[in-house]
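# Reading the structure
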Amino acid sequence: MRYAKRGPLRFTSHRDFARAFERALRRAGVPIAFSQGFTPHPKISYASAAPTGVASEAEYLEIGLREPVDPEQLRAALDAALSPGLDILEAVVASGGGLADRIEASHWRIELPEVEPAVLDRAVAAFTAAEDVQVERMTKQGRRTFDARAAVISIDVIASPQTPSGATAVPCAILELVVRQVTPSVRPDDVLSGLRAVADLEPPVAPRVIRLAQGTLTAQGAIADPLDADRIGAAIV
């Protein structure tokens, strides 16, 4: 399944979404399969969830069911059982192979209100010219330093004729980047930390981040939808 986190619901944590999704499964009467053992759990697997506070049009999960279900009816029932802003966009039959194996990179859009595009252009030029850009972030293993440059496949400043996402500030610079999945993961805020490190770019207003896509990388550096191989199916078995 592909789902979205939109508007204020982008502040929903992954754990909160998981709880809401399990409640939606019960409300919609989905014949979900459970694991074996003393503490059975619903068979749900999430792939590379976006950080809290980040909107997304391309979040993915997979579930196991006890019996066949029409994918569109399943999608509609779950979407109706979730709050607006947590939206189930598509459900398809899994044709085989794990969903996580089909996700190699993410396409991000970062809106930077009150930042001039020319200023962002210069910062991006300094970032791309650097051999590596060391940034720090607190992880579950403690504070870590890692290279935010190597995972970035492409990074571009986008010209937009209108102010995006309802932002009121003018100007508003827009950054789009494709980032490879690595360990530790390089997130949009890490790239912004890298821009600050190499060019002293300090946005005066909190950036607005949205994930536009994630999936496998093509030879041209584009991202292929991880559900492309599954769309022939008509029922989930």
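Now for a look at the structure at hand. Predicted model only: the values in this text are computed from it and were never measured. (Residues numbered from 1 in each chain as written. Predicted model: local features only at pLDDT ≥ 70, side-chain atom pairs only at ≥ 80, totals over all residues. Heavy atoms only, no water.)

## Details of the overall build of the protein
Across its full length, the protein carries four helices and 11 strands. For 237 residues, the compact-globule estimate of 2.2 N^0.38 gives 18 Å, and the protein sits close to it at 19 Å. Each principal axis of the C-alpha distribution contributes one length, and for the protein these read about 55 × 35 × 35 Å. Among the 237 residues that make up the protein, the fraction classed as buried is 43%. In the protein, the share of contacts with a sequence separation of at least 24, taken over all contacts with a separation of at least 6, comes to 74%. Charged side chains in the protein number 26 positive and 30 negative. The centres of these two groups are separated by 7 Å. (Helix = DSSP H or I, 4+ residues; strand = E, 2+ residues; numbered from the N terminus. Rg over C-alpha atoms; globule rule 2.2 N^0.38 Å. Buried < 20%, exposed > 50% of the residue type's maximum accessible area, 1.4 Å probe, protein only. Contact = heavy atoms within 4.5 Å. Lys, Arg positive; Asp, Glu negative; His and termini not counted. Charge placed at Lys NZ, Arg CZ, Asp CG, Glu CD.)

## Describing the packing of aromatic side chains
Under the counting rule described, the total for this entry stands at three aromatic pairs. Both rings, one in tyrosine 3 and one in phenylalanine 17, keep their centres 4.2 Å apart while their planes meet at 5 degrees; by these two values the pair is stacked. Here phenylalanine 17 lies in helix α1 (residues 14-27) and tyrosine 3 lies in strand β1 (residues 2-5), a separation of 14 residues in the sequence. Tyrosine 3 sits in the buried class, given a relative accessible area of 2%. (Phe/Tyr/Trp six-rings, centres within 6.5 Å; stacked < 30°, edge-to-face > 60°.)

## Considering the side chain of arginine 109
Relative to the helices and strands, arginine 109 resides in strand β5 (residues 105-113). Among the polar contacts made by the side chain of arginine 109, one reaches the side chain of glutamate 176 at a distance of 2.9 Å. (Polar contact = N/O pair within 3.5 Å; in protein donor to acceptor, adjacent residues only side chain to side chain.)

## Digging into the nonpolar core
Ranked by size, the top nonpolar core spans 27 residues in total, and within it Leu120, Ile155, Leu175, Leu177 and Leu195 carry the most contacts. When contributions to this core are tallied by element, the ones reaching two or more residues are β5, α3 (117-129), β8 (152-158), β9 (172-180) and α4 (188-199). In contact with leucine 175, not counting residues within four places along its chain, are Trp108, Arg109, Ile110, Leu120, Val124, Ile155, Asp156, Val157 and Leu195. If you look at the next biggest cluster of nonpolar residues, it comprises 21 residues, including Tyr3, Phe21, Ala24 and Leu78. (Core = buried A, V, L, I, M, F, W, Y, C linked by side-chain atoms within 4.5 Å.)

Read these as geometric descriptors, not functional statements.
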